[in-house]
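# Survey of secondary and tertiary structure
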Amino acid sequence: IPISNIRNFSIIAHVDHGKSTLADRLLEITGTLNLEPDRKQVLDRLQVERERGITVKAVTASLQYISKKNKQIYLLNLVDTPGHVDFSNEVIRSLTACQSVILLVDAKEGVQAQTFANFYLAFVNNLIIIPVLNKVDLKNANTQMVGKQLSNLFEIEEKDILKISAKLGTGIIELLERIVSIAPAPPSERNAPLKALLFDSWFEKYRGVIILLYIQDGEIKKGDIICSHHTGASYTVNNVGIVRPNEYETDVLKGGQIGYVTCNMQSVKEARIGDTFYHKGHFVEPFPGFKPLRPMVFSGIYPIESSQYVALRSAIDKLTLTDSAVTLATETSPALGHGWRLGFLGLLHLEVFNQRLDQEYGAQTIMTAPSVTYKVRIIGEKNIKKYRTDELEISNPVHLPDVKIIKEMLEPTITGTIIAPFSDPVCFLAEYLSKIVSLCAERRGEEKSVSFLDESRVIIQYILPLNEIVIDFHDKLKNISSGFASFDYENNGYVISDLVKIDLLLNGEVVEELCSIVHRSKARKFGHELCEKLTEIIPRKQFKIAIQAAIGTKIIARENIKPYRKDVTQNLYGGDATRRYKLLHRQAEGKRKMRMIGKVEIPRDAFIKLLKT
Ligand code: GDP
Ligand code: MG
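Just so it is clear, the model here is predicted, and its values are computed rather than measured.

### Structural notes on the confidence of the model for the chain
On average, residues of the chain carry a pLDDT of 83, and 84% of them reach 70 or more. Counting contacts from residues 35-39, a segment whose pLDDT is below 50, to residues more than four positions away or on other chains yields 9 contacts. Across residues 52-58, where pLDDT falls below 50, the model places 39 contacts with residues more than four positions away in sequence or in other chains. Quick note on the complex model: pTM equals 0.69, ipTM equals 0.98.

### Some remarks on the site of ligand 1
Among the 17 residues in the neighbourhood of ligand 1, the closest are listed as Asp16, Lys19, Ser20, Thr21 and Asp137. At 3.5 Å from an oxygen atom of ligand 1 is found a main-chain nitrogen or oxygen belonging to His17. Contact distances for ligand 1 include 2.9 Å between an oxygen atom and a backbone N or O atom of Ala166. Protein coverage of the free-state accessible area of ligand 1, which is 580 Å², stands at 80%.

### A word on the nonpolar core
Ranked by internal contacts, the top residues of the largest apolar core, which has 50 residues, are Leu357, Ile418 and Leu466. Residues in contact with Ile418, not counting those within four places in the same chain, are Ile436, Cys440, Val458, Ile459, Ile460, Phe473, Leu477, Ala485, Ser486 and Phe487.

### Considerations on the pattern of salt bridges
Tallied over the entire structure, the rule returns 19 salt bridges. Note that Asp224 and Lys221 form a salt bridge whose closest N and O atoms lie 3.8 Å from each other. A relative accessible area of 11% means that Asp224 is categorised as buried. By relative accessible area, which is 37% here, Lys221 ends up partly exposed. A salt bridge links Glu529 to Lys525; the shortest N-O distance between them is 3.6 Å. Residue Glu529 and its partner Lys525 are both found in helix H13 (residues 520-537); the two are separated by 4 residues, about one turn of the helix. Taking the relative accessible area as the measure of exposure, Lys525 reaches 59% and is therefore exposed. Salt bridges sharing common partners tie together Lys375, Arg377, Glu391 and Glu408.

Rules of the game
Residues numbered from 1 in each chain as written. Chains lettered and ligands numbered in written order. Predicted model: local features only at pLDDT ≥ 70, side-chain atom pairs only at ≥ 80, totals over all residues. Heavy atoms only, no water. pLDDT = per-residue confidence, 0-100. Contact = heavy atoms within 4.5 Å. Near = heavy atom within 4 Å. Polar contact = N/O pair within 3.5 Å; in protein donor to acceptor, adjacent residues only side chain to side chain. Areas by Shrake-Rupley, 256 points an atom, 1.4 Å probe, with all protein chains shown as cover. Core = buried A, V, L, I, M, F, W, Y, C linked by side-chain atoms within 4.5 Å. Buried < 20%, exposed > 50% of the residue type's maximum accessible area, 1.4 Å probe, protein only. Salt bridge = Lys/Arg side-chain N within 4 Å of Asp/Glu carboxyl O. Helix = DSSP H or I, 4+ residues; strand = E, 2+ residues; numbered from the N terminus.

In structure tokens form, the structure reads like this:
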């Protein structure tokens, strides 16, 4: 198939707007689905994706389509992008392989926060955008109004908007014809040296690492020696082929095509998304904008019983083999034992990982409350020499250096987009909008814009510290809006912030697991709440226990637990010595599940409760 008859495109949509259904329909109508074992929603491979209705991994499929108009054969490569900005790096990479996108919007729900974020990704990548309204079969579809929204927001001509029902299959042929007629062919040179973009990879037990490449120029076949631009490593190609979406081996992949390659890569960590490959000895300029994945949200993970450590380690190892975006470091907590600190691209990524761990490996875990990475600028030549940098990255508050050598601290921020629908404008302005605004203000948000999308929808943009949304922001927003507001965010870089480390002390001794980094304006409240919670959780002792929260040497909150005399043998006057012994023995056993802080013990359960909230 000549380059001029190739179309590489992607579908971008908010969750549940019908991306997977449309992809299935495209496979079906082009006859590709008949080649696959009977499976609904072929493009969503993971169980977690089906349950959550999101696509986590980009999945690609090559389709053949004979145009009804000019009877020519076209090769359509559908690149299914992940639907969430946590995975925006993957979305951007997938988009680099495309020349056009289908902007798919639910005709009932209208434009949502993710539609917005994804539209801009496509727009800045100079892609041809094909606007499509889905679910027009629904009785209460607002086809006209949503069409207006699209034209207002994205400067799309209303007459160019296609109306389809992915579920019923109506309008799909028109969509295919539109792709063929207006989407550009890839700008490829088949006679030039190989230049290929790696935009996805996964791991299979017997075949090892499989990478997906977009062949911009040249061609690639079995036996070729290819080099990674980013790592400099070279590999021998074992197999090449196309995905439909299962793999079919072919002799060669030519310029403009999308396909898979297996080579002697050992782990997905070597397959850097966005990396450029070329033939050994024939260096080419790489694709621009390669960015290594950066974890944004961190969480400690521990086995529920320490005896499950080995099993959990094996499950985590397996899962990180297939998800190269997760970073992993071992961590030890005096209360929880041996575990790991995992880094994720965002909150959804964290939840998905945890759910897969549970579903695919049956691993029961304790995950600590998520936190972010702070940057710490330090002063003093000696210190800079010692740390070999003047800017440290801290993802665990325990590792914060002494305040005396800290010049300033920075925290990550995001640009959050909230789209909130309403039916009664008076009521909305009076109550609901002010609740959203005060939620953002309470989370140290800075208003960027509030504007009306149409008569029944407002779009609110805030710059917020990531730290303030990692816990329960989304839930609170859903609560306020009875589930109707949608929220999405993009990274907005680091800013200097007045942050402090709060230590928690029990009878004067610091409890490492419970120290945190918070904004100074919230320190007092945070300290009080933590102390109060601890009074409920720590069992009384025969002596008084002082619980204190402190910034450096300054105590900011204090609670006491009154003494209480507990004697497990008090009910056993006289009598059976072995019974008395047994009781004492049991108590000793219980102690082993305790974390001793000086003379104070904290039950493991209490720690779990505290660390989770
Ligand atoms: P995704 O999250 O964008 O991949 O969305 P899905 O393809 O999983 O679709 C979400 C839900 O919308 C599913 O329950 C689909 O059956 C339903 N759906 C998708 N397309 C249509 C359509 O054209 N009409 C109707 N009525 N429902 C649809
Ligand atoms: Mg889907």
